[in-house]
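# Structural overview for review
The chain contents come next:
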Amino acid sequence: MTPPPDTSAAPAAGTQPEEADRLRELLRSRPYQKALVLSAAIGVPVSLAAFFFLAGLHELEHLLWAELPARFGWSVPPWWWPLPLLTVAGLVVGLVVTRLPGAGGHIPAGGLHTAGMAPAALPGVILAAAASLPLGATLGPEAPLIALGGGLALWFRNLARAPGTPQSTALLGAAGAAAALATIFGNPLIAAVILIEVAGVGGPQLFAVMLPALLSSGIGSLVFTGFGRWTGFATGSLSVKVGVPFPRLDAGDVIWSVLMAVAVAVAVHLTLSTGRRAAVFVAAGRPVVHTTLCALAAGVCAAVYALTVHRSPADVASSGQAVLARLAADPYAWGVGALVAVLLCKGLAYALCLGSLRGGPIFPSLFLGAAAGVLLAPLPGLGVVPGMAAGMAAASAAALRLPVSSVLLVVLVLGSAAMIPVVILAAVVAFVTVELLPPGRPVPPVGRPAGPPAARPAATWDDGAEHGARPKRRTTR
């Protein structure tokens with residue numbers, strides 16, 4: 001008897017043409033074309049606003065942490081300097097959260113969000129960021145930038161009286177957020193990839209397909225690198241050589257990077273869990289008082305660090321961007337005691353600020369990962385540069401749960417592709433480790449909504465994870 005033909009592959013074969021026809025239909029539609037034109041038009045004003053926003057934050061931070069101490073005759077801020085600044089920061093952020101629409105933006109312990117920020121919430125977002133970041137919050141500017149870019153895009157849409165649909169709102173919000181985010185990284189590619197992963201395009205299936213591909217590409221890169229050196233044979237590749245000396249990777253770098261990624265992921269997970277507990281503490285009772293207490297406690301962490309190792313408290317009370325540059329430029333200038341102290345103090349300050357102030361989680365996680373890599377670099381077979389690369393990749397992937405964005409971000413920071421295999425392995429291992437750990441408690445809502453109740457969706461995502469990219473269950477309120 002002749003067996004019946006196998007038709008199991010038939011639906012899959014017809015899926016690609018159907019999806020291609022759907023894409024062509026979308027590209028030909030007038031509403032989508034108008035949305036593309038509007039997205040291109042808002043890129044210029046949003047980028048300008050983001051530039052001046054970042055420039056203002058930088059100038060204010062330089063005034064408070066460099067010029068004012070110098071006027072009093074101090075080469076670095078004294079140990080007590082963060083205490084009044086962060087107390088003021090907590091007080092202002094607490095008032096913004098309770099008095100202004102939008103609660104000053106998303107709580108950093110909840111991770112990055114691409115949900116369009118209502119234009120009415122922009123004053124609170126700007127004021128909360130200006131009170132947090134220059135005054136010493138252990139956070140980065142990326143989350144306020146996303147909120148600023150998305151809110152401005154919707155404001156320009158309303159100003160032009162363009163029709164607002166849920167699809168156009170999501171598209172313009174993401175476009176504005178990407179335009180603003182590109183200013184801090186100096187690269188539009190990383191901004192676009194971060195927005196894709198944060199938005200969760202494709203849902204869990206995206207990560208299920210992406211992780212094996214990312215991991216196999218890293219292993220493949222290691223194999224090609226090793227066999228090219230061992231055999232002497234050359235293969236063609238699409239690459240350019242950068243005139244920066246980077247060490248060659250060996251087996252020790254790979255093994256230690258994988259083990260370090262697991263340890264860093266666990267440590268970052270505990271830090272984020274502490275941040276969510278701080279957010280619960282802030283939401284319970286009086287938010288103004290509790291926000292001020294958390295900010296003051298972060299200042300105490302910076303003061304303890306300065307008193308312990310006799311270094312600037314700005315190493316702890318900052319986003320970590322400038323300190324990371326100094327660490328990378330001269331990692332041997334940091335002793336073991338200084339590295340241990342900055343990891344403990346900055347890690348705790350990071351957790352407290354995640355649950356109380358306003359900012360983003362990326363920059364501190366990069367610094368903490370780099371410091372961990374430098375601290376573990378003396379391990380036999382592990383170099384300083386591979387240790388820093390693996391540490392940054394593991395910490396950012398664990399904090400953001402965005403493995404591809406973390407890989408691109410670390411490669412961009414290093415300015416070289418030499419460490420890509422180690423970066424990929426560390427990011428994937430850290431991501432899988434964090435996903436297998438017990439999920440943390442959800443971040444409670446704080447403050448006033450940015451719009452009327454009717455304007456908010458009836459269904460919300462309750463995931464209890466670090467960010468809103470991969471919802472786990474849907475609840476209706």
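Read on for an overview of the structure.

## Section: the side chain of Thr 292
- Within the secondary structure, Thr 292 is located in helix α10 (residues 287-309).
- Owing to a relative accessible area of 16%, Thr 292 belongs among the buried residues under this scheme.
- Among the polar contacts made by the side chain of Thr 292, one reaches the main-chain amide nitrogen of Leu 91 at a distance of 3.4 Å.
- Setting aside anything within four residues of it in sequence, one finds Thr 292 in contact with Thr 87, Gly 90 and Leu 91.

## Some details on the packing of helix α15 (residues 403-414) against helix α16 (residues 420-436)
- The N-to-C vectors of α15 and α16 enclose an angle of 145 degrees; their axes lie 9 Å apart at closest approach. Our pair here, α15 against α16, has a crossing hand that is right-handed. Contacts between α15 and α16 pair Pro 403, Val 407, Val 410 and Val 411 from the former with Ile 420, Val 423, Ile 424, Ala 427 and Phe 431 from the latter.
- Residue classes in the contact of α15 with α16 are distributed as nine nonpolar, no polar and no charged.

## Observations regarding the environment of Phe 367
- For Phe 367, the location among the structural elements is in helix α13 (residues 362-376).
- Those residues within four positions of Phe 367 in sequence are excluded, and the remaining contacts are Gly 320, Val 323, Leu 324, Leu 327, Trp 334, Val 342 and Lys 346.

## Some words on a nonpolar patch on the surface
- A surface patch of nonpolar side chains, about 530 Å² in accessible area, is lined by Phe 72, Trp 74, Trp 79, Trp 80 and Leu 307.
- The topology assignment puts Trp 80 in the loop between α2 (30-71) and α3 (82-99).
- Judged by relative accessible area, which is 35%, Trp 80 ranks as partly exposed.

Rules of the game
- Residues numbered from 1 in each chain as written.
- Predicted model: local features only at pLDDT ≥ 70, side-chain atom pairs only at ≥ 80, totals over all residues.
- Heavy atoms only, no water.
- Helix = DSSP H or I, 4+ residues; strand = E, 2+ residues; numbered from the N terminus.
- Buried < 20%, exposed > 50% of the residue type's maximum accessible area, 1.4 Å probe, protein only.
- Polar contact = N/O pair within 3.5 Å; in protein donor to acceptor, adjacent residues only side chain to side chain.
- Contact = heavy atoms within 4.5 Å.
- Axes fitted to C-alpha atoms, helices over the stretch in contact; angles between N-to-C directions.
- Left-handed = near helix turned anticlockwise from the far one by under 90°.
- Nonpolar A, V, L, I, M, F, W, Y, C, P; charged D, E, K, R; others polar.
- Patch = residues over 30% accessible without salt bridge, like charges linked within 9 Å, V, L, I, M, F, W, Y side chains within 5 Å.
- Areas by Shrake-Rupley, 256 points an atom, 1.4 Å probe, with all protein chains shown as cover.
- Salt bridge = Lys/Arg side-chain N within 4 Å of Asp/Glu carboxyl O.

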